[in-house]
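Chain and residue survey
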Amino acid sequence: DQQVKQNSPSLSVQEGRISILNCDYTNSMFDYFLWYKKYPAEGPTFLISISSIKDKNEDGRFTVFLNKSAKHLSLHIVPSQPGDSAVYFCAASEALWGSGAGSYQLTFGKGTKLSVIP
Amino acid sequence: NAGVMQNPRHLVRRRGQEARLRCSPMKGHSHVYWYRQLPEEGLKFMVYLQKENIIDESGMPKERFSAEFPKEGPSILRIQQVVRGDSAAYFCASSPARGSGTDTQYFGPGTRLTVL
């Protein structure tokens, strides 16, 4: 039972255009979401996060949008660069804020491989 | 400011041997997490530790796997009597103490375990 789903295994985008990576989740207890980028043979690198009290968070070329009612989030990269080519993982955790319980374990999607074509 | 460190980066074991994977968290981080990634899969949570305490091991297989985070030294993930199905990339992550304003987990480069 996959609680975090990235339905597109791969995505190709022209350099300079927008990349949009999507993620859906089923667990309504998730309230903190993160995107990680991963190159082959390396560990995931944190990109950007968003808590459930927000619907948008922006950091440079990266923007994450959260639609709680649809249980959907997306990562926008503008403009896309060849160095952005990597696998992008969406991750989620539950009940962080104001709670003494919970382990903060992250639940990951299977990833989307982004290729930015020069 | 060193990131999360893991060693070894690659580990080859024969079936039945023991594997020990080490993780040193980022400076100032007191929470450690272990994840496993099988080919073509996302990362799966295994265990969450603080110094000298296992907080959540709900993702750990019940047998052959154990983890510790001693008062001094790195966190260790130990796999006894390895089998071929244990072949995977094992990632360690760390985060600051709870209430520090961020619970983002930062990952190490991983240990790639191959069981022959």
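Residues numbered from 1 in each chain as written. Chains lettered and ligands numbered in written order. Predicted model: local features only at pLDDT ≥ 70, side-chain atom pairs only at ≥ 80, totals over all residues. Heavy atoms only, no water.

Section: the overall build of chain B
What chain B contains, in helices and strands, is zero helices and eleven strands. Listing the helices and strands of chain B from first to last along the sequence gives β-β-β-β-β-β-β-β-β-β-β. At 14 Å, chain B has a C-alpha radius of gyration in line with the 13 Å of a compact globule built from 116 residues. Overall, the C-alpha framework of chain B stretches about 45 × 25 × 25 Å when taken along its three principal axes. Per-residue burial over chain B gives 45% buried out of 116 residues. Long-range contacts, defined here as pairs at least 24 residues apart, represent 53% of the contacts in chain B between residues at least 6 apart. (Helix = DSSP H or I, 4+ residues; strand = E, 2+ residues; numbered from the N terminus. Rg over C-alpha atoms; globule rule 2.2 N^0.38 Å. Buried < 20%, exposed > 50% of the residue type's maximum accessible area, 1.4 Å probe, protein only. Contact = heavy atoms within 4.5 Å.)

Focus: the pattern of salt bridges
For the structure on display, the rule yields seven salt bridges over all chains. Residue A:Lys110 pairs with B:Glu41 through a salt bridge whose shortest N-O separation is 3.6 Å. Note that A:Lys110 is positioned in the loop between strand S10 (107-108) and strand S11 (112-117) and B:Glu41 in the loop between strand S4 (31-37) and strand S5 (43-50), a pairing that runs across two chains. B:Glu41 gets classed as partly exposed once you look at its relative accessible area, which sits at 24%. Through salt bridges with shared partners, a single network forms among A:Lys110, B:Glu41 and B:Lys44. (Salt bridge = Lys/Arg side-chain N within 4 Å of Asp/Glu carboxyl O.)

Some thoughts on the interface of chain A and chain B
Taken together, the contact pairs 22 residues of chain A with 23 residues of chain B. Both faces considered, chain A and chain B share a buried interface measuring about 1800 Å² in area, 54% of it formed by carbon and sulfur atoms. Taken together, chain A and chain B are joined by one salt bridge. At the boundary of chain A with chain B, the tally comes to six residue pairs in polar contact (both at pLDDT 80 or more). (Buried area = accessible area lost by both parts, 1.4 Å probe. Polar contact = N/O pair within 3.5 Å; in protein donor to acceptor, adjacent residues only side chain to side chain.)

Brief notes about the sheet that holds strand S7 (residues 65-68) of chain B
Strand pairing within a sheet occurs via backbone hydrogen bonds; the two strands may be parallel or antiparallel. All names here are of chain B. Strand order in the open sheet made by the four strands is S1-S3-S8-S7, with antiparallel pairing throughout. The two strands at the open ends of the sheet, each matched to only one other strand, are strand S1 (5-7) and S7. Across the sheet, the axes of successive neighbouring strands diverge by a mean angle of 15°, strand direction being ignored. The pairing of S7 with strand S8 (residues 75-79) spans four bridges and is antiparallel. (Pairing = 2+ DSSP bridges. Axes fitted to C-alpha atoms, helices over the stretch in contact; angles between N-to-C directions.)

Overview of the side chain of A:Ser49
Here A:Ser49 shows up in strand S5 (residues 45-51). A relative accessible area of 13% means that A:Ser49 is categorised as buried. Separated by 3.1 Å, the side chains of A:Ser49 and A:Tyr32 make a polar contact. Setting aside chain neighbours within four positions, we find A:Ser49 in contact with A:Tyr32, A:Phe33, A:Leu34, A:Asn57, A:Val64 and B:Thr104.

Quick notes on the pairing of strand S9 (residues 88-95) of chain B
Residues and elements named next belong to chain B. Of all the eight residues making up S9, eight are buried; the element is thus mostly covered by neighbouring parts of the structure. Alternating residues of S9 divide into Ala88, Tyr90, Cys92 and Ser94 and Ala89, Phe91, Ala93 and Ser95, and every residue in both groups is buried. Across seven bridges, S4 lies against S9 in antiparallel orientation. Opposite arginine 36, over in S9, you have tyrosine 90 as the bridge partner.

Here we look at the state of the cysteines
Summed over all chains, the structure comprises two disulfides over all chains. What pairs with A:Cys23 in a disulfide is A:Cys90, and their sulfur atoms sit 2.0 Å apart. The sign of the S-S torsion, about -70°, decides the handedness of the disulfide formed by A:Cys23 and A:Cys90: left-handed. One end of the pair, A:Cys23, is in strand S3 (residues 19-25); the other, A:Cys90, is in strand S9 (residues 86-94), with 67 residues separating them in the sequence. Comparing A:Cys23 with A:Cys90 shows no difference in burial state: the two are buried. Paired through a disulfide, B:Cys23 and B:Cys92 show a sulfur-sulfur distance of 1.7 Å. Disulfide B:Cys23-B:Cys92: torsion about the S-S bond near -50°, hence left-handed. With B:Cys23 in strand S3 (residues 19-24) and B:Cys92 in strand S9, this residue pair connects regions lying 69 residues apart in the sequence. Given the relative accessible area of 0%, B:Cys92 is considered buried. (Disulfide = S-S within 2.5 Å.)

All we've got here are geometric facts, nothing functional implied.
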